Amino acid sequence: MSAIYVVDTVALPRAQVGGVDDPSVRWAGAFASCGEHGATQSSTIVYEIAPGGRLGWHTDATEETQYILGGSGELRAEGGETHHVKPGDVFVIPTPLRHDLVNTGKETLRAVAFFAAAMFTQRFDNVMLAPDVHVLGTPNRDG
């Protein structure tokens, strides 16, 4: 692997993800990097949430830092904590805090999420399509 790994995230195809039993859980995302794909100690996801959509309640298996590129939303944490987020905001979600992000604006919310592991999983409350499971994660999460 080269010392530097560059990904054109504008051209990176996004997978469409949604909740089987909740139509508001809908977003599109792609791994820009993860273990064996440009990184050895971290993972990066680029994603978008359309107006009125949300990620869905979930817990990450590692600490997560996010940077909001566009749009606005409400970051919700288990226990009732909420934060309004907008372009330029950075936030850290400790493990294992259950959380959700809702697009509350009129434009697509675009963000980059950085994870502190090359391989990890996310456990969602909803069954997620695709691939019809509760657990999503890096492509190499099985080793």
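Quick note: structure is the one above.
Since the structure is predicted, the reported quantities are computational estimates derived from the model, not experimental observations.

Conventions and cut-offs
Residues numbered from 1 in each chain as written. Predicted model: local features only at pLDDT ≥ 70, side-chain atom pairs only at ≥ 80, totals over all residues. Heavy atoms only, no water. Buried < 20%, exposed > 50% of the residue type's maximum accessible area, 1.4 Å probe, protein only. Helix = DSSP H or I, 4+ residues; strand = E, 2+ residues; numbered from the N terminus. Pairing = 2+ DSSP bridges. 1 Å grid on protein atoms, 1.4 Å probe; cavity = no way out; pocket = protein on both sides within 12 Å on 5 of 7 lines; lining within 4 Å. Points joined across faces, edges and corners; volume = space filled by probe spheres on them. Nonpolar A, V, L, I, M, F, W, Y, C, P; charged D, E, K, R; others polar. Phe/Tyr/Trp six-rings, centres within 6.5 Å; stacked < 30°, edge-to-face > 60°.

J.: It is not clear to me how the pairing of strand β2 (residues 26–35) should be interpreted in this structure. Could you clarify?
T.: It is a general feature of regular strands that their side chains alternate between the two faces of the sheet. When you tally the buried positions in β2, you get eight out of 10 residues, the bulk of the element. Pairing between strand β1 (residues 15–19) and β2: four bridges, direction antiparallel. Residue Val17 lies in a different strand from β2, and its bridge partner there is Trp27. Here β1 folds back onto β2 in antiparallel fashion, the turn holding six residues. As defined by bridge partners, β2 adjoins strand β3 (residues 38–39) across two bridges and the pair is classed as parallel. Directly across from Cys34, in β3, lies its bridge partner Gly38.

J.: Please explain unusual backbone geometry as it appears in this structure.
T.: Among all residues save glycine, negative phi is the norm, and among peptide bonds the norm is trans. Pro96 follows Thr95 through a cis peptide bond whose omega is 0°. Structurally, Pro96 can be placed in the loop between β9 (90–93) and β10 (99–103).

J.: I keep staring at empty space enclosed by the protein and nothing clicks. Help me out?
T.: A water-sized probe rolled over the atoms picks out the places where empty space is left. A complete count under the given rule lists one cavity of 30 Å³ or more for this structure. Taken as a whole, the largest cavity holds about 90 Å³ of empty space. Taken together, Trp27, Ile45, Tyr47, Leu55, His58, Glu64, Gln66, Ala113, Phe115, Gln122 and Phe124 make up the full set of residues lining the largest cavity. Grouping the amino acids of the lining of the largest cavity by side-chain chemistry returns seven nonpolar, three polar and one charged.

J.: What is the right way to look at the packing of aromatic side chains in this model?
T.: Think of a pair of aromatic rings as described by two things: how far the centres are apart, and how the planes are tilted against each other in angle. Summed over all chains, the structure comprises four aromatic pairs. Taken together, a centroid distance of 6.4 Å and an interplanar angle of 75° make the contact between Trp27 and Tyr47 edge-to-face. Here Tyr47 lies in strand β4 (residues 43–49) and Trp27 lies in strand β2, a separation of 20 residues in the sequence. Under the relative-accessibility criterion, Tyr47 is labelled buried at 4%. Pairwise contacts between aromatic rings join Trp27, Tyr47 and Phe124 into one cluster.

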